[in-house]
Structures are given as C-alpha cells and as structure tokens.
Amino acid sequence: MRESWVRGILFKQVLDYVKKNRGQTSYELLGRSAEKYRIEEKYPFDDFAELLSKVKLITSGEDDFIARISRETMMEEATWKSLFRRMDPVSVFSSTQRQEGRQQLADYEPVETSANRVVMRMKMWTENREHQYMWAEFYRGRLEGILELIGRKGSVKMTREFGNGGFTFDISWT
C-alpha cells in the first residue's frame, strides 16, 4: 500500500475551527493541540482521518459539519483566494495537481467534462472504510469551497462506489 499523508495545515485548520466554532470544551475533547502541528510537515493520513472521526462524534446531529469545516477554512486561506479567483471551473476541476502538495492519499481522475460540469472519480488508497468516508466528506467541502472562490453558484454531489474505496463527485455550476 502507498504511503498516505496530509500536511499539518489541515490538522491546524480543523482544530482551530472546532475551537472557534464549538468552544474550548469540544476542542479539549479531541485530545489534540493545534500547536503540535507544523503547517508544512507531513503527517499520516490515518491520524487525520481519526481526528475527523472524533470531530464527527462530538458534532453528532450536524451532518454537514466535516464538509463545512473544509469549505470554510478553504475560503479563509489567502493562498486559495488569490489562486482560484475567476478561474475557469473546467480547468480547475479537471486538474488535481494543486492538491498534491497538501495531501497524498488517493488517485483522482476527471471522467466527464462539459461546459458547466465535471465528474471526478476518487480512489482512496486506504482500505479503512470509515477513513475513506471522512476524507470524502472533507474533500466534498474543499470542492464546494473552490466553486465559491471561483465565484460560481453550483453544487457538489458525492456518491460512494461499492466496496472499492471509490467516490464520484459530480460538480456542476452556472
């Protein structure tokens, strides 16, 4: 199996978001400190997926919380604000190279493109189904954030493929 990792910035963003939006008690329940993570350092993906699982547990009843964290933290990051402003959505969603510096944990492939739609397939490297789903939810939020940063109204629909760690994201916009 290939080595899966994410950069420390994703840990920091999730932890800081929980502290800001759910309070100190929820932050402490996660049992981690945002200061522990270095932004550019690589950390095992399984550790990040475990963090997302704990966040999901403490926010039960808020189905969209993982995607919301991802979407909103992406919207706040200056790097992404300037990069995606007014870009062509087809070219953005047809390329996955921008994310390779932030994480390595799945293969991504655009399988269908048109003027107002891209369908992307993601094949997770991990066999842990819970970790697959946590990342897929997080990734859906990233895609939604990109749409907003580009300045387009649209939607991202996620479908889990059966038994193989695959997810399909249907991204459409006006």
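Here the structure is a predicted model, which means the values were calculated and not measured. (Residues numbered from 1 in each chain as written. Predicted model: local features only at pLDDT ≥ 70, side-chain atom pairs only at ≥ 80, totals over all residues. Heavy atoms only, no water.)

Draft legend 1. Fine view of the overall build of the protein. From N to C terminus, the protein includes seven helices and seven strands. Ordered by position from N to C terminus, the α and β elements of the protein give β-α-α-β-α-α-α-α-β-β-β-α-β-β. For the protein, the spread of C-alpha atoms along the principal axes amounts to about 45 × 35 × 35 Å. Counting only residues that meet the buried cut, the protein has 47% of its 174 residues in that class. In the protein, once contacts between residues fewer than 6 apart in sequence are set aside, the share between residues at least 24 apart is 65%. As displayed, the protein has an accessible area near 8900 Å², and 46% of this comes from carbon and sulfur atoms. Separation of charge centres in the protein, based on 29 positive and 27 negative side chains, amounts to 3 Å. (Helix = DSSP H or I, 4+ residues; strand = E, 2+ residues; numbered from the N terminus. Buried < 20%, exposed > 50% of the residue type's maximum accessible area, 1.4 Å probe, protein only. Contact = heavy atoms within 4.5 Å. Areas by Shrake-Rupley, 256 points an atom, 1.4 Å probe, with all protein chains shown as cover. Lys, Arg positive; Asp, Glu negative; His and termini not counted. Charge placed at Lys NZ, Arg CZ, Asp CG, Glu CD.)

Draft legend 2. Representation of the sheet that holds strand 3 (residues 103–104) within the structure. The antiparallel open sheet is built from three strands, whose spatial order is 2-1-3. Both edges of this open sheet fall to strand 2 (42–44) and strand 3, since each of them pairs with a single strand only. Direction of pairing for strand 1 (residues 5–7) relative to strand 3: antiparallel, over a ladder of two bridges. The partner of tryptophan 5 across the bridge, within strand 3, is glutamine 104. Each of strand 1 and strand 2 touches helix 1 (residues 8–22); the most contacted strand, strand 1, lies at about 65 degrees to it. (Pairing = 2+ DSSP bridges. Axes fitted to C-alpha atoms, helices over the stretch in contact; angles between N-to-C directions.)

Draft legend 3. Examining the pairing of strand 5 (residues 117–124) more closely. As paired elements, strand 4 (residues 106–114) and strand 5 share eight bridges and run antiparallel to each other. Across the sheet, alanine 106 pairs through a bridge with methionine 124, a residue of strand 5. Counted between consecutive antiparallel strands, the loop separating strand 4 from strand 5 contains two residues. Relative to strand 7 (residues 166–173), strand 5 is paired through seven bridges, and the arrangement is antiparallel. Considered in strand 7, the bridge of lysine 123 is made with glycine 166.

Draft legend 4. Highlighting the packing of helix 4 (residues 65–76) against helix 7 (residues 129–150). Running from N to C, helix 4 and helix 7 cross one another at 40 degrees; their axes reach a closest spacing of 7 Å. As for how helix 4 packs across helix 7, the hand of that crossing is right-handed. In this structure, helix 4 contributes Ile66, Ala67, Ser70, Arg71, Thr73, Met74 and Met75 to the contact, and helix 7 contributes Met134, Glu137, Phe138, Arg140, Gly141, Arg142, Glu144, Gly145, Ile146, Glu148 and Leu149. (Left-handed = near helix turned anticlockwise from the far one by under 90°.)

Draft legend 5. Expanded view of the nonpolar core. Grouped together as the largest cluster of nonpolar side chains are 49 residues, with contacts concentrated most on Phe48, Val55, Phe93, Met122, Trp135 and Phe169. The element that contributes the greatest number of residues to this core is helix 7, accounting for ten residues. Filtering out sequence-adjacent residues up to four positions away, tryptophan 135 remains in contact with Val6, Leu10, Phe45, Phe48, Gln103, Leu105, Tyr108, Met122 and Met124. (Core = buried A, V, L, I, M, F, W, Y, C linked by side-chain atoms within 4.5 Å.)

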